[in-house]
Amino acid sequence: MTEKTILTGQVLSFDGCPFDGEATAAAQLDEAICIQNGHIVAVGTAERLKADAPGVRVVDHGARVIMAGFVDAHVHYPQTAIIASWGKRLIDWLNTYTFPEEMRFGDADYASEIANRYLDLTVAHGVTTMCSYCTIHPASVEAFFGAAQARGQRVVAGKICMDRNAPEGLRDDVQSAYDDSKALIARWHGVDRLGYAITPRFAPTSSPAQLSALGALWREHPDCLMQTHLSEQVDEIAWVRELYPDARDYLDIYETHGLLGARAVYGHSIHLEPRERDRLAETGAALAHCPTSNSFIGSGLFDMTGLIAQGQRIGLASDTGGGSSFSMLRTMAAAYEVAQLRGHALHPAQLLWLATVGSARALHLDHLIGNAVVGNEADLVVLDLASTPAIAQRANRAGDIWEAVFATIMMGDDRAIADVWIGGKQRALIRA
Ligand code: GUN
Ligand code: ZN
């Protein structure tokens, strides 16, 4: 039994989905949250929580917002050092910047350095869980899980598999992709707070035989997630059609190789055919919306409103380093802007839900994380709604918490992240 701690402020949680009916009706505001043994044990008035636990440590956050830590549903931690690389679209961007950098992750020391750098950067941005691609090297997975385990952090990750259309030194083969992934599942899946995602990079970089082998592996380990990329760029889709001429569409390739199911997470999913949308909805697979990446690499405008209306499972994601930011605030702002370009205004409650509950649902972790409710793990972020003069002067004019928090969503960065707790422990926020 560890000591209880109470945090006071404006505790934001969700008791419904803000895409169903009135957005704000799904949100709940309380004064205090009590944590113990890495879990949330009470949420309520400050008076009641303090009376129930006399003498415990109280961290007073005043008017700040206390909520579940952000969950990033799709990232590539090995791309940390090449974030914001100029001037290319997807396939050229992969060949010019990404593949040379990923080549370095056979070196366990380098992989560990970047894994720790990435986790330092993301905690400073209030991200407490992410689902990451690693590289083809098992060492890159060892480094990431090892770093997350040492921090007591809940993460999902997997070894990228690719056996074609990638440079020498960055290809595995059918058997080694299967064997290495299987060994990594045995070593890490379900250990502490770690989970494994079987990870074919995308259809162009896997032979049909490799996709089938990974489909078979997923059938043997159905509690693992499966993550890959789907319909990100128009040129990519044309290439996929050439490589898989018999497929009905992009999603059909994954389905015919055993790589479609409720525990699948498809990054981007922008240019979907009606049949693909129906199949995704039927199977309950998840889509990871990566709005900064989709603008940065010039991929297109994700149809958030239409896909939500179809009942799709959608998470929000940075897609570091195709995405141009580690910040889920910036990612929410980009999601807002993309929706505006499609004629819809996402409510701040919807944006915050997507970055927490939505992403946790996409990763099938919503019974554990993503919401500041009793029983969940104590992964929390505290938002300062007046973190810069520009934001403070706007927040001063705000009529309610949603107007105030929207200024932080649109203009905030890591300075808005006042405090982060992971597994019930307060974390150092490295600013420089
Ligand atoms: N498609 C295949 N690999 C990648 C990647 O690393 N980043 C993005 N944005 N798209 C991809
Ligand atoms: Zn990606």
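What counts and what doesn't
- Residues numbered from 1 in each chain as written.
- Chains lettered and ligands numbered in written order.
- Predicted model: local features only at pLDDT ≥ 70, side-chain atom pairs only at ≥ 80, totals over all residues.
- Heavy atoms only, no water.
- Near = heavy atom within 4 Å.
- Polar contact = N/O pair within 3.5 Å; in protein donor to acceptor, adjacent residues only side chain to side chain.
- Areas by Shrake-Rupley, 256 points an atom, 1.4 Å probe, with all protein chains shown as cover.
- Helix = DSSP H or I, 4+ residues; strand = E, 2+ residues; numbered from the N terminus.
- Nonpolar A, V, L, I, M, F, W, Y, C, P; charged D, E, K, R; others polar.
- Pairing = 2+ DSSP bridges.
- Core = buried A, V, L, I, M, F, W, Y, C linked by side-chain atoms within 4.5 Å.
- Buried < 20%, exposed > 50% of the residue type's maximum accessible area, 1.4 Å probe, protein only.
- Contact = heavy atoms within 4.5 Å.
- Axes fitted to C-alpha atoms, helices over the stretch in contact; angles between N-to-C directions.
- Parallel < 35°, antiparallel > 145°, perpendicular 65-115°, else oblique.
- Left-handed = near helix turned anticlockwise from the far one by under 90°.
- Donors = N, O, S within 2.8 Å, 3.2 Å for Na, K, Ca; no water.
- Tetrahedral: all angles 85-135°; square planar, octahedral: opposite > 155°, others 65-115°.
- Phe/Tyr/Trp six-rings, centres within 6.5 Å; stacked < 30°, edge-to-face > 60°.
- Salt bridge = Lys/Arg side-chain N within 4 Å of Asp/Glu carboxyl O.

## Concerning the site of ligand 1
- Around ligand 1 sit 13 residues, and of these His76, Gln79, Arg201, Glu232 and Asp319 come closest.
- The contact in question runs from an oxygen atom of ligand 1 to an N or O atom on the side chain of glutamine 79, over 2.9 Å.
- Interatomic distance of 2.8 Å between a side-chain N/O atom of aspartate 319 and a nitrogen atom of ligand 1.
- Computed on the free molecule, ligand 1 has an accessible area of 270 Å², of which 100% lies beneath the protein chains in the complex.
- A total of three residues in the shell around ligand 1 trace back to one element, the largest contributor, which is helix H2 (residues 90-102).
- Classifying every residue of the shell around ligand 1 gives five nonpolar, five polar and three charged.

## What to know about the pairing of strand S4 (residues 57-68)
- Summarising the sheet, strand S1 (residues 5-14) and S4 pair through six bridges and their orientation is parallel. Bridging across to S4, glutamine 10 finds its partner in valine 65.
- Pairing of S4 with strand S14 (residues 380-383), which is carried by four bridges, proceeds in the antiparallel orientation. Considered in S14, the bridge of isoleucine 66 is made with valine 382.

## With respect to the nonpolar core
- In this structure, Phe70, Tyr77, Phe144, Tyr266, Met332 and Leu352 are the most contacted members of the largest nonpolar core, which totals 112 residues.
- Apart from residues lying up to four places away in sequence, tyrosine 77 is in contact with Phe105, Ala111, Ile114, Ala115, Tyr118, Ser132, Tyr133, Cys134, Ser140, Ala143 and Phe144.
- Counting 16 residues, the second largest nonpolar core, distinct from the first, contains Cys131, Val156, Val265 and Cys290.

## Some details on the packing of helix H13 (residues 348-362) against helix H15 (residues 401-411)
- Where H13 contacts H15, the two axes come as close as 9 Å, and the packing angle between them is 55°. In terms of orientation, H13 and H15 fall into the oblique class. Considering only the axes of H13 and H15, their crossing is left-handed. Across from Pro348, Ala349, Leu351 and Leu352 in H13, the residues of H15 making contact are Trp402, Val405, Phe406 and Ile409.

## Observations concerning the coordination of the zinc ion (ligand 2)
- The protein atoms that coordinate the zinc ion (ligand 2) are His74 (NE2), His76 (NE2), His229 (NE2) and Asp319 (OD), at distances spanning 2.0 to 2.6 Å.
- Between the four donor atoms coordinating the zinc ion (ligand 2), the angles at the centre fall across 86 to 159°, so the site counts as irregular.

## What to know about the packing of aromatic side chains
- According to the stated counting rule, one finds eleven aromatic pairs in the structure shown.
- Ring centres 5.2 Å apart and planes at 70° place the aromatic pair phenylalanine 105 and tyrosine 110 in the edge-to-face group.
- A relative accessible area of 11% means that tyrosine 110 is categorised as buried.
- With centroids separated by 6.4 Å and ring planes inclined at 45°, the aromatic side chains of phenylalanine 145 and tyrosine 196 adopt a geometry described as tilted. Taken together, the residues span a long stretch of sequence, with phenylalanine 145 in helix H4 (residues 138-151) and tyrosine 196 in strand S9 (residues 194-200) at a distance of 51 residues.

## Some remarks on the sheet that holds S4
- With mixed pairing, the seven strands of this open sheet are ordered in space as S3-S2-S1-S4-S14-S15-S16. Either end of the sheet is taken by a strand with one partner, and the two such strands are strand S3 (39-44) and strand S16 (425-426).
- The pairing of S1 with strand S2 (residues 27-36) spans eight bridges and is classified as antiparallel. Within the sheet, the bridge partner assigned to isoleucine 6 lies in S2 and is cysteine 34.

## So, the pattern of salt bridges
- In total, this model carries 20 salt bridges according to the counting rule given.
- Note that arginine 193 and glutamate 377 form a salt bridge whose closest N and O atoms lie 2.4 Å from each other. Pair noted here: arginine 193 is in the loop between helix H5 (174-188) and S9 and glutamate 377 is in the loop between H13 and S14, with a separation of 184 residues, a long-range link.
- The buried category is assigned to arginine 193, whose relative accessible area is 12%.
- In this structure glutamate 377 comes out as buried when scored by relative accessible area, which is 8%.
- The salt bridge involving aspartate 249 is made with arginine 275; its shortest N-O contact spans 2.7 Å.

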